[in-house]
Amino acid sequence: MQLHQLRAFVAVAEAGSISAAAKLLDLTQPAITRALQQLELSVGATLLTRSAHGIELTPYGQALLEHARFIVRAAADAHTHIRQLAGDLSGKLSIASSAAPFALVVPRAIEIMRLRFPDVYIHLQEATYPTVMDLFREKGLDFAIGPLPAGGPGEGYRHDPLFTLDLVVAVRQGHPKARARSLRALADVPWLVTGPADGPGMVIQRSFVDTGLPPPQCVMHCESVGGAIQIIEHGNIASFVPRYLAEEARAAGRLAIVPVAETLPSLTISAFMPAQKILSPAGQALYSAIHGISRNLRPQDA
């Protein structure tokens, strides 16, 4: 297997056709076809078939695709790494973040990084675990920031805790339970869950159970805290929201913070990436800036 063959294979698999892959790689269609044929000879198996829907991967092709993506991205990362060490300040970074670190640390960290690498293109997206794991596998994400399940992101990934967030119960302005003093008074309210059900999404159930109450009725799940705030604002649903974001929404007249007497759990925000990921100098600079800003967050900021 050669790198140009794997690059052609990944391009065809992701673009869905040889012609689209040729445009993507700025090659001729015969060159793409020849690379695919050579790759199939090398592995001794048919990787792609043509159908009415275009190019489809065989089981052998599906098995090779993740390996091929890893190799192609690693080669591109190595090339960028060496260029940046040699003084080229360009490149590309792709990161994902949940809403709270997006607001609290990411913008300042980017400005710090750009002082050293002003020409690096940065792709940002709001995403949380476990959705973000697909971005690592399919899109070559450099690293992500957000809450994780208690056991971490899983085998093959490493993570570093950054800071903790206080959570509050939030409802819309004027909600009949906006002045409730306990979780018991909120037991009959429909709840919205944010974050993974086996991790941060469990805080609602855990908070009720820890006080001797049955879990409330959870009627909706939303991966985006920003989207959850909009849903809470326009309905009778309650949810746990990071204090920082809830107070901003309350100041804007969008949400009310319910003054329950119980001590609510906090949420740990971590940075995480594949264990074998080697960040470029620009990636290291951004990662370091995020760590530095996180260490210096005051309790009232988080």
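The model shown is predicted, which means the values in this text are computed figures rather than measured ones. Counting of residues starts from 1 at the beginning of each chain's written sequence and follows it residue by residue. In keeping with the predicted nature of the model, local features appear solely for residues at pLDDT of at least 70, side-chain atom pairs appear and are counted solely at 80 or more, and the whole-chain, interface and lining totals rest on all residues. Excluding hydrogens and water, the side-chain values take into account all heavy atoms of the structure.

1. Remarks on the environment of Val72
Basically, it comes down to this: Put simply, DSSP marks the helices as runs of H or I at least four residues long and the strands as runs of E at least two long, and each gets a number from the N terminus on. Under the scheme applied here, a residue whose accessible area is under 20% of the maximum for its type counts as buried, over 50% as exposed, and between as partly exposed, the area being computed with a 1.4 Å probe on protein chains only. Every residue pair with non-hydrogen atoms within 4.5 Å of one another is taken to be in contact.
By the element assignment, Val72 lies in helix H4 (residues 59-85). With relative accessibility at 15%, the residue Val72 sits in the buried group. In this structure Val72 touches Leu3, Leu6, Arg7 and Val10, once residues within four positions along its chain are discounted.

2. Points about the UniProt feature "domain: HTH lysR-type" (unreviewed entry) in the protein
Definition in use: UniProt positions are given in the numbering used here, feature names are shortened, and annotations may be inferred rather than shown by experiment.
Within this numbering scheme, the UniProt entry marks residues 1-58 as carrying the feature "domain: HTH lysR-type" (unreviewed entry). Span residues 1-58 is 62% helix and 14% strand, its end C-alpha atoms 18 Å apart.

3. Some remarks on the packing of aromatic side chains
Note the threshold: Only Phe, Tyr and Trp rings are paired, with Trp represented by its six-membered ring, and only when their centres lie within 6.5 Å; those with planes under 30 degrees apart are stacked, over 60 edge-to-face, the remainder tilted.
Within the structure shown, the criterion is met by 5 aromatic pairs. Note on Phe143 and Tyr287: the rings are 5.1 Å apart at their centroids and 90 degrees apart in plane angle, and the pair reads as edge-to-face. In this pair, Phe143 is assigned in strand S5 (residues 143-147) and Tyr287 in helix H11 (residues 281-295), connecting sequence segments 144 residues apart. Assessed through its relative accessible area of 13%, Tyr287 is described here as buried. Judged by centre distance (5.5 Å) and plane angle (85 degrees), the rings of Trp191 and Phe208 are edge-to-face. Of this pair, Trp191 sits in strand S7 (residues 191-194) while Phe208 sits in helix H8 (residues 203-210); the two residues are 17 residues apart in sequence, bridging distant segments of the chain. Taken as a pair, Trp191 and Phe208 share a single burial class, namely buried. One aromatic cluster is present, built from ring pairs that chain together Phe136, Tyr157 and Phe272.

4. A closer look at the confidence of the model for the protein
When pLDDT is low, close inspection of the predicted coordinates is not appropriate. Where we set the bar: As a per-residue quantity, pLDDT reports the predictor's confidence and falls between 0 and 100.
Residues at a pLDDT of 70 or more form 96% of the protein, whose mean pLDDT is 90. When the elements of the protein are averaged for pLDDT, H8 gives the smallest value, 84, and strand S10 (residues 255-258) the largest, 97.

5. Overview of the nonpolar core
Applied cut-off: Buried Ala, Val, Leu, Ile, Met, Phe, Trp, Tyr and Cys residues form a nonpolar core when they are joined through side-chain atoms within 4.5 Å.
In this structure, Val132, Phe136, Phe143, Val169, Leu186, Trp191 and Leu286 are the most contacted members of the largest nonpolar core, which totals 74 residues. Considering every element that reaches this core, the biggest residue donor is strand S6 (residues 157-172), with 9 residues. Core analysis: the next-biggest nonpolar cluster, separate from the first, contains 20 residues, Ala8, Ile32, Leu65 and Ala68 among them.

6. What to know about helix H2 (residues 18-25)
Which entries qualify depends on this criterion: The arc under discussion is defined with respect to the helix axis, by the directions toward the C-beta atoms.
Every buried residue of H2 is accounted for by Ile18, Ala21 and Ala22. Take H2 and look down its axis: the buried residues cluster within an arc of 105 degrees, on one side only. Residues of H2 that are exposed and angled more than 90 degrees away from the buried face: Lys23 and Leu24. A positive phi of about 60 degrees marks Asp26, the residue just after H2.

7. Points about the environment of Pro30
Tracing the chain through its elements places Pro30 in helix H3 (residues 29-43). Taking the C-alpha atoms as reference, Pro30 lies 9.0 Å from Ile18; in sequence the two are 12 residues apart.

8. With respect to the packing of H4 against H11
A packed helix pair is summarised by two numbers, namely the angle formed by the two axes and the spacing between the axes. The cut-off we apply is this: With axes taken as lines fitted to C-alpha atoms, and helix axes fitted only over the stretch in contact, angles between N-to-C directions fall between 0 and 180 degrees. We call two directions roughly parallel when the angle between them is under 35 degrees, roughly antiparallel when it is over 145, roughly perpendicular when it lies between 65 and 115, and oblique otherwise. The residue classification treats Ala, Val, Leu, Ile, Met, Phe, Trp, Tyr, Cys and Pro as nonpolar and Asp, Glu, Lys and Arg as charged. All others, Gly included, are polar.
Where H4 meets H11, the closest approach of the two axes is 8 Å, and the angle between their N-to-C directions is 85 degrees. Here H4 is positioned roughly perpendicular relative to H11, judged by the angle of their axes. Each of His81, Gln84 and Leu85 in H4 lies in contact with H11, whose residues at this interface are Pro281, Ala282 and Gln284. The class makeup of the residues in the contact of H4 with H11 is 3 nonpolar, 3 polar and no charged.

9. So, the side chain of Thr58
Residue position: Thr58 is located in the loop between strand S2 (54-57) and H4. If near-sequence neighbours (up to four positions away) are discounted, Thr58 is found in contact with Thr46, Leu47, Leu48 and Thr49.

10. Concerning the pairing of S5
The cut-off we apply is this: Only when DSSP finds a minimum of two bridges between them are two strands counted as paired.
Of all 5 residues in S5, 5 are buried, a share of seventy percent or more. Taken together, the 3 bridges between strand S3 (residues 90-97) and S5 define a ladder with parallel strand orientation. Across the sheet, the residue bridging to Ser97 is Ile145, located in S5.

11. Considerations on helix H6 (residues 106-116)
Among the residues of H6, those classed as buried are Val106, Ala109, Ile110 and Met113. Mapping the buried residues of H6 onto a view down its axis gives an arc of 100 degrees, with all of them on the same face. Turning to H6, the residues buried within the fold contact S3, helix H5 (99-104), strand S4 (119-126), S5 and H11.

12. What about the pattern of salt bridges?
Stated precisely, the cut-off is as follows: By salt bridge we mean one thing: a side-chain nitrogen of Lys or Arg within 4 Å of a carboxyl oxygen of Asp or Glu.
Scanning the model with the defined rule gives 8 salt bridges in all. Here Arg137 makes a salt bridge to Asp134, at a shortest N to O gap of 2.4 Å. Placement of the pair is Arg137 and Asp134 together in helix H7 (residues 131-139), with a separation of 3 residues, close to one helical turn. On the basis of relative accessible area, Arg137 is assigned to the partly exposed category, the value being 35%. A salt bridge links Asp142 to Lys277, with the nearest nitrogen and oxygen atoms 3.1 Å apart. Placement of Asp142 in the loop between H7 and S5 and of Lys277 in the loop between strand S11 (266-274) and H11 is noted, with a sequence separation of 135 residues between them. For the pair formed by Asp142 and Lys277, the shared burial category is buried. A cluster of three or more residues bridged by salt bridges with shared partners is formed by Asp77, Asp142 and Lys277.

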